[in-house]
Amino acid sequence: MDMRARTDHPVLDAIADRWSPYAYDPRPVSTADLCSIFEAARWTASSYNEQPWRFIVVPREDEAAFANALDCLVDFNKGWAKDAAVLVFAVAATHYQNNGKPNDKSQYDLGQAVAQLSLEAAVRGIDTHQIGGLFADKVREVYAVPESFDVICGFTLGYAAAPNEGGPEGRTRHPLAALVFGTTWNEPADFLG
Ligand SMILES: Cc1cc2nc3c(=O)[nH]c(=O)nc-3n(C[C@H](O)[C@H](O)[C@H](O)COP(=O)(O)O)c2cc1C
């Protein structure tokens, strides 16, 4: 399925090939793939190596549990996520375990863990689509997430069934020069030419 990013500079295949589908073929993701995908998250770098991420994983095979998980999403996301093989909720610790202080890097660490697992999935031909549009309070209630963790995001895992509207040309990004500065704010870094 051609949704590969048209990058301006060469990048790893996994990065170019990762995209967020809106149509899923409901076939399951194997246990071996699931283990490797979360193993990839496990080896993510984190502040003080606290590994502040936790994942709640709901495969569609358990129909009742999957329906409950879908109910935690806003309607728009429910509409496309319903065919995914797996729905996951990603939560982050509010405090460092080593000193009890607020962990203001935990959401960064969690995001990095999801990025890392997304690339492991992409290499395996498995697609991910992250979901900010959810009811965090409902996720907390349904899965008894303790107050010491914040519910941050959800994501699907599965096999895309169709390219997104617009195809690869519809995938756009800001130019590097708008994102990467030298020592003056908003001025592109010299190496960008
Ligand atoms: C934190 C986060 C939250 C997102 N929330 C949603 C969402 O609620 N619904 C949705 O359809 N896509 C959501 N997305 C997917 C983005 O829209 C998508 O990653 C972006 O448009 C870039 O497309 P690509 O992932 O195919 O490169 C989210 C992505 C991230 C990283």
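Rules behind the numbers
Throughout, residues of each chain are indexed from 1 in the direction in which the sequence is written. It should be noted that, the model being predicted, local features are given only for residues of pLDDT at least 70 and side-chain atom pairs only at 80 or more, the latter also being counted only at that level, while totals for whole chains, interfaces and linings use all residues. Computation of side-chain values: all heavy atoms of the structure, hydrogens and water removed. As used here, the term nonpolar core means buried Ala, Val, Leu, Ile, Met, Phe, Trp, Tyr and Cys residues forming a set that is joined through side-chain atoms within 4.5 Å. A simple rule labels every residue: compare its accessible area, found with a 1.4 Å probe on the protein chains alone, to the largest value its type can have, and call it buried under 20%, exposed over 50%, or partly exposed in between. For helices the rule is a DSSP run of H or I covering at least 4 residues; for strands it is a run of E covering at least 2, with both sets numbered from the N terminus onward. We call two residues in contact whenever any of their non-hydrogen atoms come within 4.5 Å of each other. DSSP-based pairing: two strands are paired if at least 2 bridges between them are found. Throughout, the term near means that a residue has one or more heavy atoms lying within 4 Å of the molecule or strand in question. Two N or O atoms form a polar contact when they lie within 3.5 Å of each other; inside protein one atom must be a possible hydrogen donor and the other a possible acceptor, and for residues adjacent in sequence the pair counts only when both atoms belong to side chains. Residues are grouped as follows: nonpolar covers Ala, Val, Leu, Ile, Met, Phe, Trp, Tyr, Cys and Pro; charged covers Asp, Glu, Lys and Arg; every other residue, Gly included, is treated as polar.

Asks: I tried to follow the nonpolar core on my own but got confused; where do I start?
Replies: Grouped together as the largest cluster of nonpolar side chains are 21 residues, with contacts concentrated most on Leu73, Leu87 and Phe89. If you list the elements that add at least two residues to this core, you get strand S2 (53–59), helix H3 (63–70), helix H4 (75–81), strand S3 (86–93) and strand S5 (149–160). The element best represented in this core is S3, accounting for 4 residues. Setting aside residues up to four positions removed in sequence, Leu73 forms contacts with Lys78, Ala81, Leu87, Phe89, Ile131, Gly133, Leu134 and Phe135. Judged by nonpolar contacts, the second largest core, of 20 residues, contains Leu34, Val88, Ala113 and Tyr159.

Asks: Explain the environment of Ser20 here, please?
Replies: Turning to its location among the elements, Ser20 is positioned in the loop between helix H1 (13–17) and strand S1 (24–25). A relative accessible area of 23% places Ser20 in the partly exposed class. Residues Ser20 and Thr156, 136 residues apart in the sequence, show an inter-C-alpha distance of 9.1 Å. Every residue in contact with Ser20, bar those within four places of it in the chain, is listed here: Thr128, His129 and Asn164.

Asks: I keep staring at the pairing of strand S4 (residues 127–131) and nothing clicks. Help me out?
Replies: Regular strands place side chains that alternate from one sheet face to the opposite one. Here S4 lies mainly inside the structure; 4 of its 5 residues are buried. By the bridge criterion, 5 bridges tie S4 to S5 in an arrangement that is antiparallel. From the neighbouring strand, Asp127 faces S5, where its bridge partner is Gly158.

Asks: Honestly, the site of the ligand in this entry has me stumped. Any pointers?
Replies: Surveying the vicinity of the ligand reveals 15 residues, the closest of which are Ser20, Tyr22, Gly132, Arg171 and Arg173. Between an oxygen atom of the ligand and a side-chain N or O atom of Ser20, the distance comes to 2.5 Å. Contact between the ligand and Arg171: an oxygen atom at 2.5 Å from a side-chain N or O atom of the residue. Among the elements of the structure, H4 and S4 are those that each provide at least two residues to the shell around the ligand. In the shell around the ligand, the residues fall into 6 nonpolar, 6 polar and 3 charged.

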